[in-house]
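Geometric and topological summary
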Amino acid sequence: MNCMAVEAEGRIAVVDCGVMFPNESIGVDVIVPDLTWLVERKEQVGAIYVTHGHEDHIGALPQLLRRVKAPVYVAPFARALLEARLREAGIAADLRTVRPGEVRGAGADSPISAEFIAVTHSIPDACALAISTPQGVLLHSGDFKIDEAPVGGWKMDLARIGALGRAGVRLLLSDSTNSERPGTSLSESAVGVALDQAFENAQGRIFAACFASNVHRIQQVADAARGLGRRLALLGRSMESNVRLAMELGYLKLAGWQLCSLEEARRLPPRELCVLTTGTQGEPRSALARLARGEHPELSLSPGDLVVLSSRFIPGNEVAIGQVVNELTRLGAEVAYEDLRPLHVSGHAHEAEQRRLIALARPEHFVPVHGEFRQLARHAAHAAKEGVAHRHLIVDGEVLELSDAGARVLEERLPVGRVYAERDASGAEIGELVVKDRRLLAESGLCIVVVAVDRASGAVVRGPEIFARGVAGFEGCEDALRGEALRALDELSGPARENQGEVQEALRLAVRRWFRRVGGRKPSVLPVVLEL
Ligand SMILES: [Zn+2]
């Protein structure tokens, strides 16, 4: 859910606007940042700069662009991903392609501009930004690793960062994801070797799962399959659309014979097929999870098939992934994941790379970004070891002010927070209360009490009838509960009985009291009073 604003002389530029995915089942597709602060200042926003096309950096741009009309500066691959997203949402936006080395101002009267700088990451066309302001250059690393042997695309432009460092970087903001991992991350090209080894002795079909945006990984899976004469089929909507996009843009190069339809795939001998699929995080509706449950309409798994998870187990998803691995194994498939072989490498810099960037940029000030608090703190410690005197550990909503007097974190916090949303054309927001209710219902269920009363006298005409969903201990206790509710109504005074609100409250309290007495349960209670 990355989103940052740079403000100078009353003008604003935005860096990225991403989503996060909920890791609880509450019927919410995505969580987007609270954009109120930006929307209230929409006239001041002169540019939106995009570092790369991952969901946690571009996923909430539709929500922002619906309300804030500013040009979006973005490298080609992220642009293609964003265009698809905006088309789905029915939003017209002013997208402008940028390539590394190019500088883009944030509006005619803005003192802010940004230079895009090539970095390596687990998606093509990732960029760092050198943002020029009246208070000097802010270098934002974006998500990066220093891959000396990238599989395709551009290498990280360390020379340019070194030059910026010599000229003077006022503030470095840098990716903290892997600050707890020592040394250097493995190159993406190491995965190709591991995939070759994993694929080599497979007798059945091969299913390889990776992120659909990791084009370089997809290329390596395709290459390993091609070496064994295997054709390539695609499972999952995002896998199909991203592969098509990446081929159109020239980021992915497949042999003419290799790609096949699912219909062709079903007819191929097992040893001649490799299937690329989504679902590395155990998402229940993904192609891999459906394969694992034997519910995929197009393909099924057979004993002897090989499933390779070429991905990281994102913390919080281990249980869901484990479940899928169990089901795949039960079907007789061999499942390989990051073990002794590097079937996956991270797209984020480890400590030594982070320190190398700090040493090159030589910033006066340092702000670790993109990570949990402990990772930010560790990254700040790395910066200290590299001799950066001024380090600021700040959290969402805090403002770092740079002025001639130096830098300080302001007392005032900006409104930030999480907004739950649907991932459909409407992008409709799901209120905080709705989510709270869903959690409550999941925890303890719902009890509905319906009573019909005479409009004139307030006397009970019918009921109370009691219904429950998901409430433990309800069955067989309807009569007792009804008795409790009736007693509560009897105890109401005459005037109170004519007040619908008071009748509802009496019913609610009576039912809750009864549940508390018999077992300490606290279902949500919904009283309904019908006046006849
Ligand atoms: Zn990323």
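Reading guide: rules and limits
- Residues numbered from 1 in each chain as written.
- Predicted model: local features only at pLDDT ≥ 70, side-chain atom pairs only at ≥ 80, totals over all residues.
- Heavy atoms only, no water.
- Axes fitted to C-alpha atoms, helices over the stretch in contact; angles between N-to-C directions.
- Helix = DSSP H or I, 4+ residues; strand = E, 2+ residues; numbered from the N terminus.
- Left-handed = near helix turned anticlockwise from the far one by under 90°.
- Contact = heavy atoms within 4.5 Å.
- Nonpolar A, V, L, I, M, F, W, Y, C, P; charged D, E, K, R; others polar.
- Domains from an automatic or database assignment.
- Phe/Tyr/Trp six-rings, centres within 6.5 Å; stacked < 30°, edge-to-face > 60°.
- Buried < 20%, exposed > 50% of the residue type's maximum accessible area, 1.4 Å probe, protein only.
- Core = buried A, V, L, I, M, F, W, Y, C linked by side-chain atoms within 4.5 Å.
- Salt bridge = Lys/Arg side-chain N within 4 Å of Asp/Glu carboxyl O.
- Donors = N, O, S within 2.8 Å, 3.2 Å for Na, K, Ca; no water.
- Tetrahedral: all angles 85-135°; square planar, octahedral: opposite > 155°, others 65-115°.
- Pairing = 2+ DSSP bridges.
- Disulfide = S-S within 2.5 Å.
- Patch = residues over 30% accessible without salt bridge, like charges linked within 9 Å, V, L, I, M, F, W, Y side chains within 5 Å.
- Areas by Shrake-Rupley, 256 points an atom, 1.4 Å probe, with all protein chains shown as cover.

So, on to the packing of helix H6 (residues 189-200) against helix H7 (residues 215-227). At a minimum axis separation of 9 Å, H6 and H7 run at an interaxial angle of 35°. The handedness of the crossing between H6 and H7 is right-handed. Residues Ser189, Val191, Gly192, Leu195, Asp196 and Phe199 of H6 lie in contact with H7, whose contacting residues are Arg217, Gln220, Val221, Ala224 and Ala225. Residues that form the contact of H6 with H7 fall into these classes: 6 nonpolar, 3 polar and 2 charged.

Quick look at the domain arrangement of the protein chain now. Domain annotation of the protein chain identifies domain 1 (1-113 + 414-435), domain 2 (119-186 + 345-413), domain 3 (189-337) and domain 4 (445-531). Of note, the centres of domain 3 and domain 4, computed from C-alpha atoms alone, are 55 Å apart.

Let us look at the packing of aromatic side chains. In this structure the tally under the stated criterion is 5 aromatic pairs. Their ring planes at 85° and their centres at 5.1 Å tell us that Trp514 and Phe515 sit as a pair that is edge-to-face. Both residues of the pair, Trp514 and Phe515, belong to the buried class. Within the aromatic cluster, the residues linked to one another by ring pairs are Tyr49, Tyr73 and Phe116.

It is characteristic of soluble globular proteins that their nonpolar side chains tend to be buried jointly. Membership of the largest hydrophobic core comes to 65 residues, with the highest contact counts inside it found for Ile48, Leu61, Leu64 and Phe199. With 7 residues, helix H4 (residues 76-89) is the single largest residue contributor to this core. Counting only domains with at least three residues in this core, you end up with domain 1 (1-113 + 414-435) and domain 3 (189-337). Residue contacts for Phe199: discarding those within four places in its chain leaves Ile206, Ala208, Val221, Ala224, Ala225, Leu228, Cys274, Leu306 and Val308.

To continue, consider the pattern of salt bridges. Inspection of the entire model under this criterion finds 27 salt bridges. A salt bridge links Arg79 to Glu83; its shortest N-O distance comes to 3.0 Å. Taken together, the residues span about one helical turn, with Arg79 and Glu83 both in helix H4 at a distance of 4 residues. A residue is classified by how much of its surface remains accessible, and Arg79, at 22% relative accessible area, is partly exposed. Take Glu83: its relative accessible area is 31%, and that puts it in the partly exposed class. In this structure, Arg96 and Asp94 form a salt bridge, with 2.6 Å as the shortest nitrogen-oxygen distance. By relative accessible area, which is 34% here, Asp94 ends up partly exposed.

For the rest of this paragraph, the subject is the coordination of the zinc ion. Ligation of the zinc ion by protein atoms is provided by His52 (NE2), His54 (ND1), His121 (NE2) and Asp143 (OD), these donors lying 2.2 to 2.3 Å from the ion. Coordination at the zinc ion is irregular, judged from the 4 donor atoms that bind it and the angles of 90 to 168° they form at the metal. Read N to C, the donor residues that coordinate the zinc ion are spaced as H-x1-H-x66-H-x21-D. Of this pair, His52 sits in the loop between strand S4 (45-49) and helix H2 (55-58) while His121 is found in the loop between strand S8 (113-118) and strand S9 (127-133), placing the two residues 69 residues apart along the sequence.

Once that is clear, we can look at the sheet that holds strand S25 (residues 524-531). Within a sheet, adjacent strands bond to each other through the backbone by hydrogen bonds, running parallel or antiparallel. Pairing within the open sheet is mixed, and its 3 strands lie in the order S24-S23-S25. In this open sheet, the two strands that pair with only one neighbour each are strand S24 (460-469) and S25. In this sheet, neighbouring strand axes are inclined to one another by 15° on average, regardless of whether the strands run parallel or antiparallel. Inspection of the sheet shows strand S23 (residues 446-453) paired to S25 by 8 bridges, in the parallel sense. Each residue of the ladder has a partner; that of Val450, found in S25, is Val528. Contacts between helix H15 (residues 478-491) and the sheet are confined to S23 and S24, with S24 contributing the most and set at about 135° to the helix.

The next point concerns the environment of Leu129. Note that Leu129 resides in strand S9. A residue is classified by how much of its surface remains accessible, and Leu129, at 0% relative accessible area, is buried. Placed 11 residues apart in sequence, Leu129 and His140 show a C-alpha to C-alpha distance of 5.1 Å. Aside from chain neighbours lying at most four places away, what touches Leu129 is Val15, Tyr49, Thr51, Glu115, Phe116, Leu138, Leu139 and His140.

Here Thr51 is to be found in the loop between S4 and H2. Accessibility expressed as a relative area gives 1% for Thr51, which makes it buried. Sequence spacing of Thr51 and Val74 is 23 residues, and the spatial spacing of their C-alpha atoms is 7.2 Å. Other than its neighbours up to four places away in sequence, Thr51 contacts Val15, Asp16, His57, Asp125, Ala126, Cys127, Leu129, His140 and Gly142.

Quick look at helix H12 (residues 351-361) now. Listed as buried for H12 are Glu351, Glu353, Gln354, Leu357, Ile358 and Ala361. Contacts from the buried residues of H12 go to strand S10 (136-140), helix H5 (158-167), strand S11 (171-175), strand S17 (365-369) and helix H13 (373-385). At the C-terminal side of H12, Arg362 shows a positive phi close to 45°.

Applying the stated criterion across every chain, the model contains 0 disulfides. No disulfide involves Cys3; its sulfur sits 4.1 Å from that of Cys17, the nearest cysteine. For Cys17, a relative accessible area of 0% corresponds to the buried category.

Turning our eyes to something else, we now look at a nonpolar patch on the surface. A surface patch of nonpolar side chains, amounting to about 230 Å² of accessible area, comprises Phe373, Leu393 and Val395. On the secondary structure map, Leu393 appears in the loop between strand S18 (390-391) and strand S19 (400-403). Under the relative-accessibility criterion, Leu393 is labelled partly exposed at 34%.

Strand order in the open sheet made by the 7 strands is S7-S8-S9-S10-S11-S17-S18, with mixed pairing throughout. Of all strands in the sheet, those with a lone pairing partner are strand S7 (103-105) and S18, marking the two edges. Two elements, S7 and S8, share 3 bridges in a ladder whose sense is antiparallel. Residue Arg104 lies in a different strand from S8, and its bridge partner there is Ala114. This element, H5, spans S8, S9 and S10 of the sheet and lies at about 140° to S8. In the packing of H13 onto the sheet, contacts are made with S11, S17 and S18, and the angle to S17 comes to roughly 150°.

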